[in-house]
Amino acid sequence: MGIISWIVLGLLAGAIAKILLPGRDPGGIIGTTLIGIAGAFLGGWLSARFLDRPIENQFFDLATWGAAIAGSFVLLVAYRILFGNSRD
């Protein structure tokens, strides 16, 4: 996959993680995109390293999407723990 594919995957994975963990976070769409992209890379690395499931180079691979969403979710939870919820 190219860099544009990773950005699109990260944006969508970040949005799905945001749907799974609703609430207001600082950063808006830019923050969600950055968390999603970083989560996609983190999820892919963790999947390849610890689950012995290398990420395919296909955009529509279910394992790639699962790893990206899981990585985004983990980063979103960590972001909220570190920086708190903006509702306060």
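That block above? That's the structure.
Caption draft 1: Inspection of helix H2 (residues 28–50) at higher detail. With 23 residues, H2 extends 32 Å between its outermost C-alpha atoms, agreeing within 8% with the 33 Å of an ideal straight helix rising 1.5 Å per residue. Of all the positions in H2, only Gly 31, Thr 32, Thr 33, Ile 35, Gly 36, Ile 37, Gly 39, Ala 40, Gly 43, Gly 44 and Ser 47 are classed as buried. In this structure, the buried residues of H2 make contact with helix H1 (3–20) and helix H3 (62–83). Of the residues flanking the end of H2, it is Asp 52, one or two places downstream, whose phi is positive at about 55°.

Caption draft 2: Seen up close, a nonpolar patch on the surface. A contiguous nonpolar patch, built from Ile 3, Ile 4, Ile 7, Val 8, Leu 12 and Phe 41 and spanning about 550 Å² of accessible area, is present on the exposed surface. Among the elements that make up the nonpolar patch, the one with the highest residue count is H1 (5 residues). Within the secondary structure, Ile 3 sits in helix H1. On the basis of relative accessible area, Ile 3 is assigned to the exposed category, the value being 58%.

Rules behind the numbers
- Residues numbered from 1 in each chain as written.
- Predicted model: local features only at pLDDT ≥ 70, side-chain atom pairs only at ≥ 80, totals over all residues.
- Heavy atoms only, no water.
- Helix = DSSP H or I, 4+ residues; strand = E, 2+ residues; numbered from the N terminus.
- Expected span 1.5 Å × (residues − 1).
- Buried < 20%, exposed > 50% of the residue type's maximum accessible area, 1.4 Å probe, protein only.
- Contact = heavy atoms within 4.5 Å.
- Patch = residues over 30% accessible without salt bridge, like charges linked within 9 Å, V, L, I, M, F, W, Y side chains within 5 Å.
- Areas by Shrake-Rupley, 256 points an atom, 1.4 Å probe, with all protein chains shown as cover.
- Salt bridge = Lys/Arg side-chain N within 4 Å of Asp/Glu carboxyl O.

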